[in-house]
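Architecture and fold: a report
Residues per chain, in single letters:
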Amino acid sequence: MPALTRHADAEVRRWALSGLGAAVGRGTSEAVAAVLERTRDADAGVRAYACKVLARSPKGSPVATDALAARLRDEDETVRVTAAVELARRGDGRGGEVLGGLGPVDPNAPYYWELRYLP
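Criteria and cut-off values
Residues numbered from 1 in each chain as written. Predicted model: local features only at pLDDT ≥ 70, side-chain atom pairs only at ≥ 80, totals over all residues. Heavy atoms only, no water. Axes fitted to C-alpha atoms, helices over the stretch in contact; angles between N-to-C directions. Helix = DSSP H or I, 4+ residues; strand = E, 2+ residues; numbered from the N terminus. Left-handed = near helix turned anticlockwise from the far one by under 90°. Contact = heavy atoms within 4.5 Å. Nonpolar A, V, L, I, M, F, W, Y, C, P; charged D, E, K, R; others polar. Salt bridge = Lys/Arg side-chain N within 4 Å of Asp/Glu carboxyl O. Buried < 20%, exposed > 50% of the residue type's maximum accessible area, 1.4 Å probe, protein only. Phe/Tyr/Trp six-rings, centres within 6.5 Å; stacked < 30°, edge-to-face > 60°. Polar contact = N/O pair within 3.5 Å; in protein donor to acceptor, adjacent residues only side chain to side chain. Core = buried A, V, L, I, M, F, W, Y, C linked by side-chain atoms within 4.5 Å.

1. Quick notes on the packing of helix H5 (residues 62-70) against helix H6 (residues 77-89)
For the pair H5 and H6, the least separation of the axes is 8 Å and the interaxial angle reads 145°. The two elements H5 and H6 meet at a crossing, and its hand is left-handed. Judged by residue contacts, Thr65, Leu68 and Ala69 of H5 engage Ala83, Glu86 and Leu87 from H6. Classifying every residue of the contact of H5 with H6 by side-chain character gives 4 nonpolar, 1 polar and 1 charged.

And the structure:
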């Protein structure tokens, strides 16, 4: 599965990432490395999805939280917000500036569902 995360098609890369979630949750080094690599993918959708999968890593993993924090400076807003949300869910406040800059959270906001249940 990790090899498919390097496939030429972005959709295949996202599907491959989805298959690595459980292994990332167990801290399997090969799976974590593959997902870390995709946080720097050329496709913003792949980067955002990689952030979601990486957030499944064990809570005490500084590798995961540091990689998520690095995406707070991503050129794509969805990637930045996804990284900030996943950091907040892990109890890491480094994404506070990104989240605070989004304005009010109402049902019409683009990230409403991601932000609604943050701690």
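2. Here we look at the pattern of salt bridges
Going through the model one piece at a time under the given rule, you end up with 10 salt bridges. Where arginine 38 meets glutamate 37, a salt bridge forms, and the shortest distance between an N and an O atom there is 3.2 Å. We classify arginine 38 as buried; its relative accessible area is 9%. Residues glutamate 86 and arginine 89 are paired through a salt bridge, measuring 3.1 Å at the closest nitrogen-oxygen approach.

3. Here's the deal with the packing of aromatic side chains
Each aromatic ring pair is characterised by the separation of its centres together with the angle its planes make. This model, assessed by the stated rule, comprises 1 aromatic pair. Pairing tyrosine 112 with tryptophan 113 gives two aromatic rings, centres 4.9 Å apart and planes at 75°, and the pair type is edge-to-face. With relative accessibility at 10%, the residue tyrosine 112 sits in the buried group. When its relative accessible area of 60% is taken as the criterion, tryptophan 113 is described as exposed.

4. Looking at the environment of arginine 80
The residue arginine 80 is located in helix H6 in this model. The sequence separation of arginine 80 and cysteine 51 amounts to 29 residues, and the corresponding C-alpha distance is 9.4 Å. Not counting the four nearest positions on each side in its chain, arginine 80 is found in contact with Arg71, Leu72, Arg73, Asp74, Glu75 and Val98.

5. Structural notes on the side chain of threonine 5
Residue position: threonine 5 is located in the segment before helix H1 (10-18). What makes threonine 5 buried here is its relative accessible area of 0%. A polar contact of 2.5 Å, which involves the side chain of threonine 5, links it to the backbone oxygen of proline 2. With sequence-adjacent residues up to four places away left out, threonine 5 is seen in contact with Arg13, Ala16, Leu17, Leu20, Ala34 and Arg38.

6. Topic: the nonpolar core
Membership of the largest hydrophobic core comes to 33 residues, with the highest contact counts inside it found for Val24, Val35, Leu54 and Leu72. Sorting the residues of this core by element identifies H1, helix H2 (21-25), helix H3 (29-38), helix H4 (44-54), H5, H6 and helix H7 (96-100) as the ones contributing at least two each. At 7 residues, the largest contribution of residues to this core is made by H6. What valine 35 contacts, discounting residues up to four positions off in sequence, is Leu17, Leu20, Val24, Ala50, Val53 and Leu54.

7. Concerning the environment of alanine 33
Examined against the element boundaries, alanine 33 turns out to sit in helix H3. Given a relative accessible area of 42%, alanine 33 falls into the partly exposed group. Once the C-alpha coordinates of alanine 33 and leucine 54 are considered, the two residues, 21 residues apart in sequence, prove to be 9.7 Å apart.

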